[in-house]
Amino acid sequence: MSLVQRAQALTTQLDPANPSCCFLCLQAFADDLWDCKDELDQLRTECHAFWDALVLLVGFPRSDESLATLRYNLLGITAECDVLTEAMNHLRYIFRSHPEREDSVPVEEPVHVFMDAVLRILHVGLVAGSKSAVLRADTRNKTFANRRGAPHWPPTPQCLFPLGRPFSVGNMMSWCSYMPTYWSPFMILSDYIIIARDHVLPFILSDVLRDETVRLTIQKLADDEPKDRVLNILAAAMLLKMLADGPHSEQCDMDAFVSGHEQELLDAAKSALDVVGLDHVLSWSLVAFAIDLHRRLNLPDSALGDDLVIFRNPEVGVVPMIRAAIRVERKSRICARYGCSARDIAGSFPQCSRCKVLRYCTRECQLRDWKEGAPVPHKKVCPFILEVTNVEDVVRPLSEGREDVRFASDNIDNRGYWYLCQYACKPDLLTPDLRERMESFAKTWEAVVNSPPRIEISAIFGVFIRF
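Analysis parameters
Residues numbered from 1 in each chain as written. Predicted model: local features only at pLDDT ≥ 70, side-chain atom pairs only at ≥ 80, totals over all residues. Heavy atoms only, no water. Helix = DSSP H or I, 4+ residues; strand = E, 2+ residues; numbered from the N terminus. Buried < 20%, exposed > 50% of the residue type's maximum accessible area, 1.4 Å probe, protein only. Contact = heavy atoms within 4.5 Å. Areas by Shrake-Rupley, 256 points an atom, 1.4 Å probe, with all protein chains shown as cover. 1 Å grid on protein atoms, 1.4 Å probe; cavity = no way out; pocket = protein on both sides within 12 Å on 5 of 7 lines; lining within 4 Å. Points joined across faces, edges and corners; volume = space filled by probe spheres on them. Nonpolar A, V, L, I, M, F, W, Y, C, P; charged D, E, K, R; others polar. Axes fitted to C-alpha atoms, helices over the stretch in contact; angles between N-to-C directions. Parallel < 35°, antiparallel > 145°, perpendicular 65-115°, else oblique. Left-handed = near helix turned anticlockwise from the far one by under 90°. Core = buried A, V, L, I, M, F, W, Y, C linked by side-chain atoms within 4.5 Å. Phe/Tyr/Trp six-rings, centres within 6.5 Å; stacked < 30°, edge-to-face > 60°. Salt bridge = Lys/Arg side-chain N within 4 Å of Asp/Glu carboxyl O.

## Some thoughts on the overall build of the protein
Phase 1: Tallying secondary structure elements over the protein gives 22 helices and zero strands in all.
Phase 2: Taking all 467 residues of the protein together, the buried fraction comes to 49%.
Phase 3: Intrachain contacts of the protein at a sequence separation of at least 6 include 68% that bridge at least 24 residues.
Phase 4: By element, 51% of the accessible surface of the protein is carried by carbon and sulfur atoms, the whole surface being about 22100 Å².

As structure tokens, this is what we get:
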């Protein structure tokens, strides 16, 4: 059965007041949809009723009594489902054997699993594919414009707020509170901010919801308990990124969000970065967020930490930037060969036996990076990385108030600095503004290396001096 046919069948089972869908079947559909995104355009043009039903489920108000009824109904429907896997036979047995004992079944889990599936399906429908609403949101007033052919869902803002904006946004926030260990409710909130910022943000930043949104953000960033903690952190990082840099964002949005909670948010962001490191593109959003909070609080550098303070000053010199890039690489758990995205989940990737900084998923990746790695082959930069990591002194003083561009080592020549600058330009080792500066340093060192010996080059070093 195609996804379109499955979606049409599910639509009749997604009554918001009393859904009659097996929550495991819906979860399976969510997983299959992510793996078959090529059918999304057809789903968005032919199955508007399916997407509308999902949105209505998210925005539908529920009391404690109605949630208890929903739990019971979902358990019954799932226990009787003919397509249950062997892994869920214990649930059928428990429910049929002791239906009267509420503590004998995981009464909260069915609602969580059901709504997580609903939210994940909705998330894929909003962000994936070439015709997604998120991609269309980059151009103001184009998110809901469908002038050619069949309209892609959502065709109007009203489709996202079937019960009106205040109720829909408020009930969406209630799922974030009710499902604190799941990332999907928070990600949907970010999706809505991208697609319908002017419709959503006034309610999120209102006196009623703002403190709760901040509390949930801190919880996502700092809580040690949730399953999928990294995904929860990245969901919170996405929300912060959309507030700061999303389509049509304004500085006043972030000002209103963090006001009065700067220190709590800074501590949470630092805690999150300790977990995710700088291996993910959203990590840099957390770095920028932490630096902004540090600036607002006017705290000393020590309050930011050694791993983040290097990114605070965009005018920092070349030596600290090279050290920062090496520090990030050392902590990274992604294969060091540029272009390979293999992640070292088990911590088993071997290091380069010489510099002991770069890690590789396979011997093949290591050999390719050694001979033809980008932006510089590792065989050229490896001895200089080793030299840098063995040097204790950060800089050699030139004069009062200045720092030399060179490390306190006589074993790194001009070519070595050129290779080190090229290496530090690798993606995800420095923030974009620092990488841009480093690229300019690399060009300058290239000119130094390739200049004839008779040319006086002492003036070039002024570029690297930080006053």
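## What about empty space enclosed by the protein?
Phase 1: Taken as a whole, this structure holds three cavities of 30 Å³ or more when the rule is applied.
Phase 2: In this structure, the largest cavity occupies an estimated 60 Å³ of space.
Phase 3: Lining the largest cavity, in full, are Ala336, Leu358, Asp369, Ala374, Pro375, Val376, Pro377, His378, Val381, Tyr423 and Lys426.
Phase 4: Counted by class, the lining of the largest cavity contains eight nonpolar, one polar and two charged residues.

## Focus: the packing of helix 9 (residues 165-178) against helix 11 (residues 197-204)
Phase 1: Orientation of helix 9 relative to helix 11, taken along the N-to-C sense of each, is 65°, at an axis distance of 10 Å. As the angle between them shows, helix 9 and helix 11 are arranged roughly perpendicular. Seen from above, helix 9 lies across helix 11 with right-handed handedness. Within the contact between the two elements, helix 9 uses Arg165, Pro166 and Val169 and helix 11 uses Asp198, His199, Val200, Phe203 and Ile204.
Phase 2: The residue inventory of the contact of helix 9 with helix 11, partitioned by class, reads five nonpolar, one polar and two charged.

## Thoughts on the nonpolar core
Nonpolar side chains tend to gather and get buried jointly when the protein is soluble and globular.
Phase 1: Counting residues in hydrophobic clusters, the biggest one holds 102 residues, and the most contacted among them are Phe50, Trp51, Phe114, Leu122 and Tyr192.
Phase 2: The element that contributes the greatest number of residues to this core is helix 7 (residues 109-127), accounting for eleven residues.
Phase 3: Non-local contacts of Tyr192, meaning those with residues more than four positions away in its chain, are made with Val55, Leu122, Leu126, Leu160, Phe161, Met172, Arg197 and Val200.
Phase 4: Grouped together as the second largest cluster of nonpolar side chains are 39 residues, Ala325, Ala336, Leu358 and Val388 included.

## With respect to the packing of aromatic side chains
Given two aromatic rings, their pairing is described by the distance between the two centres and the angle made by the two planes.
Phase 1: Taken as a whole, this structure holds seven aromatic pairs when the rule is applied.
Phase 2: Look at Phe384 and Tyr419: their rings are 6.3 Å apart centre to centre, the planes differ by 50°, and that puts the pair in the tilted class. Of this pair, Phe384 sits in helix 20 (residues 378-390) while Tyr419 sits in helix 21 (residues 414-424), placing them 35 residues apart in sequence.
Phase 3: Since its relative accessible area comes to 10%, Tyr419 is described here as buried.

## Considerations on the packing of helix 12 (residues 210-222) against helix 13 (residues 229-245)
Phase 1: Close contact between helix 12 and helix 13 brings their axes to 7 Å; oriented N to C, the two are set at 140°. Overall, the two elements helix 12 and helix 13 adopt an arrangement that is oblique. Relative to helix 13, helix 12 is oriented so that their crossing is left-handed. Mapping the contact onto sequence places Thr213, Thr217, Lys220, Leu221 and Ala222 in helix 12 and Arg229, Asn232, Ile233, Ala236, Leu239 and Leu240 in helix 13.
Phase 2: Partitioning the contact of helix 12 with helix 13 into residue classes produces six nonpolar, three polar and two charged.

## Describing the side chain of Asn171
Phase 1: When you line up the elements, Asn171 lands in helix 9.
Phase 2: Relative accessible area serves as the criterion here: at 14%, Asn171 is assigned to the buried category.
Phase 3: Setting aside chain neighbours within four positions, we find Asn171 in contact with Val58, Gly59, Phe60 and Pro61.

## So, the pattern of salt bridges
Pairing between side chains of opposite charge can happen when their charged atoms approach one another.
Phase 1: Within this structure, the stated rule accounts for twelve salt bridges.
Phase 2: Across the salt bridge formed by Arg296 and Asp255, the nearest N and O atoms sit 2.7 Å from each other. One end of the pair, Arg296, is in helix 16 (residues 283-297); the other, Asp255, is in helix 14 (residues 251-258), with 41 residues separating them in the sequence.
Phase 3: Shared partners join several salt bridges into a network, and the residues in it are Asp255, Asp292, Arg295 and Arg296.

Worth remembering: the numbers are spatial, not functional.
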